[in-house]
Structure formats: C-alpha cells, structure tokens
Amino acid sequence: MLDFRAASQAHVVPHFTKGAAWNAENLVVMDRGEGCYVWDTDGNRYLDGLAGLFCTNLGHGRRDLAQEAARQMERLAFYPNWGFTHEPVSKAATLIADVAPGDLDEVFFVSSGSEAVESAMKFARNYHLANGDEGRYKVISREWSYHGTTLAALTVTGVPKFRKHFLPMMWDGVRHVPNTLGDTSEQLDSARAVEEMILAEGPETVAMVIAEPVQNGRGCLVPPDGYWQELRRICDRYGVLLCADEVICSFGRLGHFFGSERFGVVPDLITFAKGVTSAYLPLGGVVVRRALMDQIWDSEVGLFNHGSTFGGHPVATAVAAVNIQAMHDEKVMEHVRSHEQYLRDGFAALVAAHGIVREWRGTGYFYALELMRDRETGEDLSEADAAGLQGGVLARILREEGLLVRPDDRGATMLTFSPPLVADRDVIDDLHARADRVLNRTAAWLNENR
Ligand SMILES: Cc1ncc(COP(=O)(O)O)c(C=O)c1O
C-alpha cells in the first residue's frame, strides 16, 4: 500500500508549511472525522478545536451532505453559471438571500474566500462605473487583517509576513488603517481613521471599505460598540461601499447566519465561504444589495463583468443548500447562542488560572488567547520565547494533547479557538480541559527555557 506520509513528502507542495515541518517523520496523516473529532492514520484522536480552518461548522461525518453530493453528481455533475442556471444554485442563492441582512439578496458564487474578496472588489468597481463614478477604485482595509492570498486579495490583506515577498507584484490601490485593537475611545478612533483615510485620498477615488465583523488577524478583534454603525455612516456619507468580509464570521460562527447581524449593521456587500458548505465542498461568494445589482443591470455596463468556470458549481451549491437547511432544522444558531456563555465562562476560568495569558478576546464560538511570560509581573515573551513557541513548541504540545487549535503568530503569540458549531457542553468541557493542559505545559516550557 502507498505510504501516504512518504508520498506526500515526495509529491505534495503544502500550504504555508516549512520544509522541516513537512518532512518530519511524524507528519500527521489525517484519516477520518466524526462530529467534533478527527483521527489520524496512527489512530490518534484529536478535538477539532478550529473547525478545520474555521469551516467544518456542522462537524465531520455528515451522511446527509455526502449523500446530497452523490445525488447531485449523478443527476448533473456540472454546468456553468454563465448564461445558464440550475436547481441547486437557485436553491442555495434563495436560502442565502433569506438569511442575509437587509436587502442583500443577490448572490454571486465562486469557489473560495480569496475569490469572494476579489469578486467584491471587482463588483464595487463595476458598480461605481455603472454609476458614472469612474474615479473610484481604491480599497480601504485594516492592519493585520487577512482577506486571502490571491494577488488582489493579498493586497487587501494587512499581515506583513504574507505580503512582503510579493510587494512588487501588488497594485497600489489599497490603504491600510488601524484595526480596533485596544480602541476604547469614546469617539471611536479606529472608525475615525477610516474617515480620515477617505478624506486624505479623496472620496471620489475610494470604491470600498472592507472589514471582518470580528477580525481574526491579531486575535479575534471584537469591535467596540457603535463601530459598525460608524463605518456605515462614513461610507454613506462619502458614497463608498461597505463590505463585511464574513468568510469566517458567517454561517453561525457568531451565532447568526451573518455576523453583521450581531452588530446590527447592513453592509452593501458580504463575502462568505468556508461554513457555507460546512467545508464539505469548496464554495464561496458575495451577497450584495439588490439596488446595486439593479444599477449594474440598468447601466450601459449591463453586467457584472467577472466569472469563473466553477462559480455556482451544481454539486457545491447543492451541498450548501442542504447545509443551510440543516442549520435551520437543527437550530444551530440557537445552539451557538445558548452555549456561547458556557464557552466564554470556561475561557474566563482558564485565563484566571493561567498567568501566561495576557489577554483574551472573542464572541460566539470564536476566541483567541494572547500569551506572555507572567501577567502578574508584566513580563512579556522575549523574542527567543516567541520564536520557540511559534517555531514548533506550541504545535508539539497541542498535538500531544490532541487539541487542534491554531498557534497564531500574527502580531503576538496567540492560540485561536473556533470549534464546530455543534460542540455541546461535553465537547466544550473537553476543549477547556485540553487547553488547560496545553497552558500548563507551555508555562512549564517557559520556566525551563529562561
Ligand atoms: C476573513 C477571510 N477572508 C478571506 C479568506 C480567504 O479564504 P480562502 O482561504 O478560502 O481563499 C479567509 C481565509 O481564512 C478569511 O479568513
């Protein structure tokens, strides 16, 4: 039989993984999943505390989703969404329009989050052209934000380490402004920064502002009260489109189908991906306000001038429709909202017990813990501590404790949690117990490595 580890090491180019980690003899070969747990080929069981990568929202091993994919493949495996439509894409779009905030009810499908972000950017430009506003093309996004890796989406991304090698290949239309980290100002300085940037650039050149409801990069940045209302006011004032990038925050991560609902805002565009199929198949998209699309239809431009072969794929959209219907039938939003306090309380207890946690942030089923050496003395991690923890120590401890969460190095040393939305009290208890052991062992490592 093929040795999957050796074959992968010989032939697979991994995503964002250094050679030393990929070529290690203990490279994990994942085998199967059930609910909130996954197993590797050596029989080790892990709690999937990151929902894969913020996406296996209904958990692993769902037969209904697998059967729907098979049924749709047998009936019509593929037909493009250019000039044709079909049952699954119409069902998925209707279900998404039904749960999207306000009058956002036109859906453009793609196959990933990066493509969704690129589509939103092109849609904004296309809309402004339809409006006769030819000068608008710039995009404002926030520091440490992650909006994807294809070149235009990467330009919008604000994480230096992902951008730095590709800077000569990126366009110059994006401006980054401070995110909401630590903004407790009454006048919402972080929102004000968006307005100042629009004014500095000239409102007539700005097409879109993009932000996540809760920003993942830099560790679960929950915005201060009123932030999104302020962004809405600013964008309205200057004729700029407001895009909520909900690739992570939609389909239940914050206890609502769309995270914007949590903050009581109706953006102009929302990008989504990941949880729309609970990751059973790749699908992404952007849902836009009807009036924007009408403006394009009615203009000389006459179409959204963008597309891809697999956008609106019948099998992916069929799975999305069943996934969304299951979220309704199984009251997944209600489940998250009725369990989120329990999840939060457990993190509060963990933080109280562990002096190596500097800060913790989050909401819904989405949290980050930021690490330091000693909260009591205020001693931070040294560069060597951070390099050690981020360079493999955290990954090893997590793996040995069977907890798959993200050791994050974007701007601080953090652990990010985003369990499947079907996690119940037992799973949450297990998550906290494993995290407790991870923090104990991390503290021990720090003590031993002064
Ligand atoms: C907010 C956000 N936008 C866009 C993306 C890019 O999505 P993908 O990896 O599917 O291209 C991600 C990925 O994690 C994301 O978190």
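On a predicted model such as this, the values are computed, not experimentally measured, just so you know.

Chemist: If you had to explain the site of the ligand to someone new, which residues and values would you point to?
Modeler: Close to the ligand lie 13 residues, the nearest being Ser 112, Gly 113, Ser 114, Gly 148 and Val 247. In terms of residue class, the shell around the ligand is made up of five nonpolar, six polar and two charged.

Chemist: I'd like to hear about the pairing of strand β14 (residues 414-417), residue by residue, with values.
Modeler: Look at any regular strand and the pattern is simple: side chains alternate between the two faces of the sheet. Along β14, one buried face is formed by Met 414 and Thr 416 and the opposite face, lined by Leu 415 and Phe 417, is buried too. In this structure, strand β12 (residues 366-371) lies alongside β14, joined through four bridges in antiparallel fashion. Looking at β14, one finds that Tyr 367 is bridged to Phe 417. Relative to β14, strand β13 (residues 406-408) runs antiparallel, the two being bridged by three bridges. By the bridge assignment for β14, Arg 406 is matched with Thr 416.

Chemist: Explain the sheet that holds strand β3 (residues 45-47) residue by residue, including any values.
Modeler: Taken together, the three strands give an open sheet; going across it, the order is β1-β2-β3, and neighbouring strands pair in antiparallel fashion. Strand pairing shows two members of the sheet lacking a second neighbour, β1 (30-34) and β3, which therefore form its edges. Within this sheet the neighbouring strands show an average axis-to-axis angle of 30°, counted without direction. Across three bridges, strand β2 (residues 37-40) lies against β3 in antiparallel orientation. Note that in β3 the partner of Tyr 37 across the bridge is Leu 47.

Chemist: So what's going on with the environment of Arg 434? Residues and values would help.
Modeler: For Arg 434, the position within the fold is in helix α16 (residues 425-448). With 19 C-beta atoms counted inside 10 Å, the residue Arg 434 sits in the partly exposed group. Leave out the neighbours within four places in its chain, and Arg 434 touches Leu 47, Glu 401, Gly 402 and Leu 403.

What counts, and at which threshold
- Residues numbered from 1 in each chain as written.
- Predicted model: local features only at pLDDT ≥ 70, side-chain atom pairs only at ≥ 80, totals over all residues.
- Near = placed C-beta within 6 Å.
- Nonpolar A, V, L, I, M, F, W, Y, C, P; charged D, E, K, R; others polar.
- Buried ≥ 20, exposed ≤ 12 C-beta atoms within 10 Å, placed from the backbone.
- Helix = DSSP H or I, 4+ residues; strand = E, 2+ residues; numbered from the N terminus.
- Pairing = 2+ DSSP bridges.
- Axes fitted to C-alpha atoms, helices over the stretch in contact; angles between N-to-C directions.
- Contact = placed C-beta atoms within 7 Å.

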